[in-house]
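Given next are the chains, with one letter for each unit.
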Amino acid sequence: MQIRMFKTLWGFQGTLEQAISDALDDGYDGIEAQPPLAPEEAERWRQQLNKAGLLYQAEICTTGSYVADRRATLAEHLADFEAGARAARIAGARAISCLGGCDAWPADRSAHFFTEAMAMADKQGLAVSFETHRGRTLFNPWITVEMLRRLPDLRLTADLSHWCVVTERLLDTEQEELAAVIPRVDHIHARVGYDQGPQVPHPGAPEYQPALDAHGRWWQSMWAQQHQRGAVITTMTPEFGPDGYLQAQPFSGEPVGDLRELNRWIAEHQRAAFSRWHQGARG
């Protein structure tokens, strides 16, 4: 099994060409971003990424951006997903990662959304995994386990940093839930969260070593499950980001870190961790 690292375009303000240049300079294998909905622009993405030899992992956020429109209907969520899936196919996506649903929905509505969205993705010939994200259906371990129980084909994008905030603890206390979730993970968002936030100021800081170690254990368990089921590659997107995730100095608003450097750090750290794990897994 090999690892493929994707550059997130969350918070990136430059052109596609600049994103491609940065991804190549930083040693990424691909880009993860929301697809452009205009067919001609999606086609341009496909051509440019193919020319650069980069993979594309599509991200779809239904109704709104990373936080859903609280009053949006199920039909509106599904319409957004269908449009995004169509654009992802044109753009040449290898798979879709979706922030879908709403944390306030009853379980039946969420199950309906996932069932319909999976059918839409299948119609476009794309695999889809749904992210464990605050504000969305899969915002905590327990509703996620319930959805997995109801829907045997449901696959996950794991960003367990969100659950550290929701539960206000590292998740090693929730072994039964982790055991249900980890085998269903297809894609990983590598951000280190802690009990009071979804993003540590720097994952290499000694005071956040326990959080880094916990996330590393979860990610390694995901690799092991993927290896066991015969996966050829595993995919990971370092996803330290803006929007209040990155801490800032009071009054000045000066950020405490550089997002590009933080994501490079976690990418290099996890490439090394994967290499050590893979050597052990092989024998």
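Residues numbered from 1 in each chain as written. Predicted model: local features only at pLDDT ≥ 70, side-chain atom pairs only at ≥ 80, totals over all residues. Heavy atoms only, no water.

A. Molecular detail of the overall build of the protein chain. The secondary structure content of the protein chain amounts to nine helices and eight strands. Here the protein chain has a C-alpha radius of gyration of 18 Å; the compact-globule value for 283 residues is 19 Å, and the two agree. Counting the 283 residues in the protein chain, one finds 52% classified as buried. Considering only intrachain contacts with a sequence separation of at least 6, the fraction spanning at least 24 residues in the protein chain is 77%. Carbon and sulfur atoms make up 49% of the accessible area of the protein chain, which amounts to about 12,400 Å² in all. In the protein chain, 27 side chains carry a positive charge and 37 a negative one; their mean positions are 5 Å apart. (Helix = DSSP H or I, 4+ residues; strand = E, 2+ residues; numbered from the N terminus. Rg over C-alpha atoms; globule rule 2.2 N^0.38 Å. Buried < 20%, exposed > 50% of the residue type's maximum accessible area, 1.4 Å probe, protein only. Contact = heavy atoms within 4.5 Å. Areas by Shrake-Rupley, 256 points an atom, 1.4 Å probe, with all protein chains shown as cover. Lys, Arg positive; Asp, Glu negative; His and termini not counted. Charge placed at Lys NZ, Arg CZ, Asp CG, Glu CD.)

B. Region of the structure containing unusual backbone geometry. The phi torsion at Thr63 lies on the positive side, around 50°, for a residue other than glycine. For Thr63, the location among the structural elements is in the loop between strand E3 (55–61) and helix H3 (74–90). With a phi close to 75°, Phe251 is a non-glycine residue in the positive phi region. Position of Phe251 relative to the elements: it lies in the loop between strand E8 (233–238) and helix H9 (259–282).

C. Region of interest: the packing of aromatic side chains. Under the defined criterion, the tally for this structure stands at twelve aromatic pairs. Between the aromatic rings of Trp10 and Tyr66, the centroid separation amounts to 5.6 Å while the plane-to-plane angle is 50°, which identifies the pairing as tilted. Taken together, the residues span a long stretch of sequence, with Trp10 in the loop between strand E1 (2–8) and helix H1 (16–25) and Tyr66 in the loop between E3 and H3 at a distance of 56 residues. Taken as a pair, Trp10 and Tyr66 share a single burial class, namely buried. (Phe/Tyr/Trp six-rings, centres within 6.5 Å; stacked < 30°, edge-to-face > 60°.)

D. Inspection of the pattern of salt bridges at higher detail. Taken as a whole, this structure holds 16 salt bridges when the rule is applied. The shortest N-O distance in the salt bridge between Arg260 and Asp22 comes to 3.6 Å. Placement of the pair is Arg260 in helix H9 and Asp22 in helix H1, with a sequence separation of 238 residues. In this structure Asp22 comes out as buried when scored by relative accessible area, which is 8%. Bridged by salt links that share partners, the residues Asp22, Asp26, Arg260, Glu261 and Arg264 form one connected network. (Salt bridge = Lys/Arg side-chain N within 4 Å of Asp/Glu carboxyl O.)

E. Highlighting helix H8 (residues 209–228). Its 20 residues place the ends of H8 28 Å apart at the C-alpha level, agreeing with the 28 Å of an ideal helix rising 1.5 Å per residue. Just downstream of H8 lies Gly230, where phi reads positive at about 90°. (Expected span 1.5 Å × (residues − 1).)

F. Expanded view of the pairing of strand E7 (residues 185–190). With five of its six residues buried, E7 lies for the most part within the structure. Pairing of strand E6 (residues 156–158) with E7, which is carried by three bridges, proceeds in the parallel orientation. Along E7, the bridge assignment pairs Ala158 with Ile188. One ladder, built from four bridges, connects E7 with E8; its direction is parallel. Across the sheet, residue Ile188 finds its bridge partner in E8, namely Met236. Read from E7 through H8 to E8, the crossover connection turns out right-handed. (Pairing = 2+ DSSP bridges. Right-handed = clockwise from strand over helix to strand, strands pointing away.)

G. The arrangement of the sheet that holds E7 in detail. Taken in spatial order, the eight strands line up as E1-E2-E3-E4-E5-E6-E7-E8 and close into a barrel, and their pairing is parallel. Strand after strand, the sheet turns through a mean of 30° between neighbouring axes, direction not considered. As judged from the three bridges shared by E1 and strand E2 (residues 30–33), these two strands associate in the parallel manner. Along E2, the bridge assignment pairs Lys7 with Ile31. Relative to E1, H9 is tilted by about 175°, and along the sheet it contacts E1, E7 and E8. (Axes fitted to C-alpha atoms, helices over the stretch in contact; angles between N-to-C directions.)

H. Structural view of the environment of Gln270. If you trace the backbone, Gln270 turns up in helix H9. Given a relative accessible area of 1%, Gln270 falls into the buried group. A sequence separation of 80 residues divides Gln270 from Ala190, and the C-alpha atoms of the two residues are 8.6 Å apart. The contact partners of Gln270, leaving out residues within four places of it in the chain, are Met5, Trp219, Trp223 and Met236.

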